[in-house]
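Coordinate inspection notes
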Amino acid sequence: MEGVLLLAAFALTGTSTWIRAVFAACVGATVLCGLCEIAASRVDGRWGEAALAVGAALSAASVAVFILARQPYAGITCFALFATKAALLWRRDR
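In this convention, every chain numbers its residues from 1, walking through the sequence in written order. Per-residue local features of the predicted model are confined to residues with pLDDT of at least 70, and side-chain atom pairs are confined, for both listing and counting, to 80 or more; whole-chain, interface and lining totals are unaffected and use all residues. The side-chain figures draw on all heavy atoms in the structure; neither hydrogens nor water molecules are used.

**Side note on the overall build of the protein chain**
A run of H or I in DSSP becomes a helix once it reaches four residues, and a run of E becomes a strand once it reaches two; helices and strands are each numbered from the N terminus. Each helix and strand counted, the protein chain has three helices and zero strands in total. If you list the helices and strands of the protein chain from N to C, you get α-α-α. Nonlocal contacts in the protein chain, meaning residues at least 24 apart in sequence, comprise 52% of its contacts between residues at least 6 apart. Contacts are assigned to residue pairs with any non-hydrogen atoms lying within 4.5 Å of each other.

If you want it as structure tokens, here you go:
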């Protein structure tokens, strides 16, 4: 074997710098909102519901951004996480 080809998990081929910044902002905002959802789950009332609504909106926006940017693996991963979250919320509210 002459060499080993390494594939970085964050290698985005064919994208400009501003698109990478949008990707990082979407993922970062979703992670921060998820942390806020965890913290707000201990509190009853408006804060938990607001964090949940914002988290769902950010997840949907991340799916849209990655699909519109033609990044299929990131789009499918975000969609799978979004669908799982929706299913768990639907099951919780039943």
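Now that the structure has been shown, the text picks up again.
**What about unusual backbone geometry?**
Of note, the phi angle at arginine 70 is positive, near 60°, even though the residue is not glycine. Secondary-structure assignment places arginine 70 in the loop between helix H2 (46–68) and helix H3 (72–93).

**Quick word on the packing of aromatic side chains**
Between the rings of Phe, Tyr and Trp (Trp by its six-membered ring), a pair exists once the centres lie within 6.5 Å; its type follows the angle of the planes, with under 30 degrees stacked, over 60 edge-to-face, and the other angles tilted. What the rule picks out here adds up to one aromatic pair. Ring centres of phenylalanine 23 and phenylalanine 66 lie 4.7 Å apart, and the angle between their planes is 35°; on these two criteria the pair is classed as tilted. A residue pair is termed long-range when its members are at least 10 positions apart, and phenylalanine 23 in helix H1 (residues 17–40) and phenylalanine 66 in helix H2 qualify at 43 residues.

**Notes on a nonpolar patch on the surface**
Each patch is built from residues that are more than 30% exposed by relative accessible area and take part in no salt bridge. Like charges join if they lie within 9 Å; nonpolar side chains (Val, Leu, Ile, Met, Phe, Trp, Tyr) join within 5 Å. Computed by Shrake-Rupley with a 1.4 Å probe, the accessible areas treat only the displayed protein chains as cover when residues are assessed. By definition here, a salt bridge exists when the distance from a side-chain nitrogen of Lys or Arg to a carboxyl oxygen of Asp or Glu is within 4 Å. Together, Val27, Val31, Leu32, Leu35 and Ile38 line one region of the surface with nonpolar side chains, adding up to about 490 Å² of accessible area. Structurally, the position occupied by valine 31 is in helix H1. Remark: exposure states derive from per-residue accessible area (1.4 Å probe, protein chains only) relative to the maximum for the residue type, with buried under 20%, exposed over 50%, and partly exposed in between. You can call valine 31 partly exposed: its relative accessible area is 48%.

**Some points on H1**
Because each turn of an α-helix spans 3.6 residues, side chains separated by three or four positions in sequence point in the same direction. Each helix should span, by expectation, one fewer than its residue count multiplied by 1.5 Å. The end-to-end C-alpha separation of H1 is 34 Å, in line with the 34 Å expected for 24 residues at 1.5 Å each. Within H1, the full set of buried residues consists of Phe23, Cys26, Cys33, Glu37 and Ala40.

**Details of the confidence of the model for the protein chain**
Detailed reading of the predicted coordinates is not advisable wherever pLDDT is low. With 78% of its residues at a pLDDT of 70 or more, the protein chain shows a mean pLDDT of 76. Values of pLDDT, the confidence the predictor places in each residue, fall between 0 and 100. Across the protein chain, the secondary-structure element scoring lowest on mean pLDDT is H1, at 78, and the one scoring highest is H3, at 82.

**Details of the environment of leucine 52**
Counting through the fold element by element, leucine 52 comes out in helix H2. With 14 residues separating them along the chain, leucine 52 and isoleucine 38 place their C-alpha atoms 9.5 Å apart. For leucine 52, the residues in contact, after removing those within four places along its chain, are Glu37, Lys85, Leu89 and Arg92.

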